[in-house]
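A closer look at the structure
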Amino acid sequence: MTTPVGETTCRVCRGPLGEFLDLGRQPLSDRFLTEREIPGEFFYRLAVGACASCGMVQLMEEVPRELMFREDYPYHSSGSSVMREHFARTAHGFLESAYAGPDPFVVEIGSNDGVMLGAVRDAGVRHLGFEPSGKVAEVARRRGVRVRTDFFEEPTAAEVRAAEGPADVIYAANTICHIPYLESIFRGVDALLAPGGRFVFEDPYWGDIVEKTSFDQIYDEHFYFFTATSVRAAAERSGFELVDVERLSVHGGELRYTIARRGAATPAAAVAETVERERARGLTAPDTLRRFAADVERVRDDLTALLRRLREEGRRVVAYGATAKSATVTNFCGLDSGLVEWVCDTTPQKQGLLTPGAHLPVVPPERFSTSHPDHALLFAWNHAEEIMAKEQEFRDAGGRWILYVPDVRVV
Ligand code: SAM
Ligand code: TMP
Ligand code: ZN
């Protein structure tokens, strides 16, 4: 079944989109399924292009949002201890910031299981999460977090403004890049944000994706691959200003963007410096994009060659972390259960099901510790430190990790 919404012009400025990478026929990256559901599985063409006018890197085809962010969306933000700490720090940063007034109101777009707003709630501060995926929203509610089970966009934001007043902070992590209708997001922010408030969001950085050849950051949910240059241009189109950028090490390298109403704050030096660095690196120049596409093919060839050799040598290879990112790797590289036995993952909702497209069985992490595989392909490479520390016994017993970011290697 294929019913994608076609797009050949830039979703932000309507400029011409130049396609530079085709990752082929791909399933919904977070749609884990049973054997019986395989015949009806949804597929679309995963390809990426860059806008010649505003520089925004984006998918060529949009997948309807209701197919991705459903009642049983399985991703739980609280699954990593490093991320729990990151979001607690973020919440405290907002509460201590100059733009949070005496009775601040903090709104989060894509609040998921309440990992960030939980800390705001514990501080007794007014807050509201927008989270369309029903089950994760319910987990947040059980923690005492206020959540509206809705997509954030202009009409829903305006309703909140009318009922609850202006927000001092509107925050989003790993969510704005999921939203093709960016203009409606900015109109929603315009409706809801206090005059001196800030719109802060963080997403995987195109600069890191290019540097690390982390092509698995490209999947249905990640519609945009932001740079300071493209975000600044998009903000300005909507009457806002990019006033700060900050590098984050989480999720393989991100940028955090701080946006204010035009003229409400003086941009930090980091904005112009980052934009200039992006220009000097030619982050969206045709040569860079061609080289990136060639690097992606090299990683695919190296990874499949390694896995085939290990199979010939009779080694047992499993995978670690049934990430959304891994759907791109398994489907683009043609990894089936002949090459990778199964994937272990801590998310109960994923266990017992098959991975999208490649149909590898998902098992609980206990299976990893008890079954002594020779090699483990680390799909959750962005959580490498946390996972490798937890699984030190595997390494001590002679097990080896297979990594493919930035290059294929066995450690
Ligand atoms: N903020 C969390 C984090 O960083 O771990 C969750 C990120 S998760 C990858 C993206 C979340 O955004 C999902 O929970 C999804 O349901 C939600 N989402 C998608 N579109 C949205 C929209 N228009 N408004 C609010 N939430 C949205
Ligand atoms: P993410 O890379 O999108 O955050 O997804 C991480 C996936 O890996 C998620 O399904 C949870 C899983 N996971 C584990 O199985 N064990 C772990 O220790 C961590 C941190 C994540
Ligand atoms: Zn554009």
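Calculation notes
Residues numbered from 1 in each chain as written. Chains lettered and ligands numbered in written order. Predicted model: local features only at pLDDT ≥ 70, side-chain atom pairs only at ≥ 80, totals over all residues. Heavy atoms only, no water. Buried < 20%, exposed > 50% of the residue type's maximum accessible area, 1.4 Å probe, protein only. Helix = DSSP H or I, 4+ residues; strand = E, 2+ residues; numbered from the N terminus. Arc of directions from axis to C-beta. Contact = heavy atoms within 4.5 Å. Near = heavy atom within 4 Å. Polar contact = N/O pair within 3.5 Å; in protein donor to acceptor, adjacent residues only side chain to side chain. Areas by Shrake-Rupley, 256 points an atom, 1.4 Å probe, with all protein chains shown as cover. Donors = N, O, S within 2.8 Å, 3.2 Å for Na, K, Ca; no water. Tetrahedral: all angles 85-135°; square planar, octahedral: opposite > 155°, others 65-115°. Pairing = 2+ DSSP bridges. Axes fitted to C-alpha atoms, helices over the stretch in contact; angles between N-to-C directions. Salt bridge = Lys/Arg side-chain N within 4 Å of Asp/Glu carboxyl O.

As recorded in an unreviewed UniProt entry, the protein goes by NDP-hexose 3-C-methyltransferase and comes from Microbispora amethystogenes.

Focus on helix α8 (residues 228–237)
Considered for burial, the residues of α8 that qualify are A228, S230, V231, A234 and A235. When α8 is viewed along its axis, its buried side chains cluster within an angular range of 165 degrees and face the same direction. Buried residues along α8 sit against α6 (182–192), β10 (193–204), β12 (240–248), β13 (254–261) and α9 (269–281). G239 occupies a position one or two residues after α8 and carries a positive phi of about 85 degrees.

As for the site of ligand 2
Residues in contact with ligand 2 amount to 19 residues; listed here are only the nearest, Y75, K325, D345, K350 and K390. Measuring from an oxygen atom of ligand 2, one finds a side-chain N or O atom of Y75 at 2.7 Å. A distance of 2.8 Å separates an oxygen atom of ligand 2 from a polar side-chain atom of K350. About the coverage of ligand 2: the protein hides 94% of its 490 Å² of free accessible area. Looking at which element gives the most residues to the shell around ligand 2, the answer is helix α13 (residues 384–390), with 3 residues.

A look at the coordination of the zinc ion (ligand 3)
Ligation of the zinc ion (ligand 3) by protein atoms is provided by C10 (SG), C13 (SG), C51 (SG) and C54 (SG), these donors lying 2.3 to 2.4 Å from the ion. Given 4 donor atoms and angles of 98 to 115 degrees at the metal, the environment of the zinc ion (ligand 3) is assigned as tetrahedral. Each donor residue of the zinc ion (ligand 3) belongs to the same chain, and together they define the spacing C-x2-C-x37-C-x2-C. Of this pair, C10 sits in the loop between β1 (5–6) and β2 (17–27) while C54 sits in the loop between β3 (43–51) and β4 (57–59), placing them 44 residues apart in sequence. When sorted by exposure, C10 lands in the same class as C54, which is buried.

Notes on the sheet that holds β4
Strand order in this open sheet of 4 strands is β2-β3-β4-β11, and the pairing throughout is antiparallel. Looking along the sheet, the strands with just one partner apiece sit at the ends: β2 and β11 (224–225). Inspection of the sheet shows β3 paired to β4 by 3 bridges, in the antiparallel sense. Within β4, the position partnered with A50 by the bridge is V57. Helix α10 (residues 286–312) rests against β2 and β3 of the sheet, and its axis sits at about 20 degrees to β2. Relative to β2, helix α11 (residues 325–333) is tilted by about 85 degrees, and along the sheet it contacts β2 and β3.

Some details on the pattern of salt bridges
Oppositely charged side chains may form a pair once their charged atoms are brought near each other. Counting across every chain of the model gives 29 salt bridges. As a salt-bridge pair, D22 and R45 come within 3.2 Å of each other at their nearest N and O atoms. Placement of the pair is D22 in strand β2 and R45 in strand β3, with a sequence separation of 23 residues. The class for D22 is partly exposed, based on a relative accessible area of 38%. Ionic pairing is found between E341 and R316, a salt bridge with its closest N-O pair at 2.8 Å. Of the two residues, E341 sits in the loop between α11 and β15 (343–344) while R316 sits in the loop between α10 and β14 (317–320), which places them 25 residues apart along the sequence. On the accessibility criterion, E341 (30% relative accessible area) is partly exposed. Here R316 falls in the partly exposed class, since its relative accessible area comes to 26%. When salt bridges with common partners are traced through the structure, they connect E19, D22, R45 and E61 into a single cluster.

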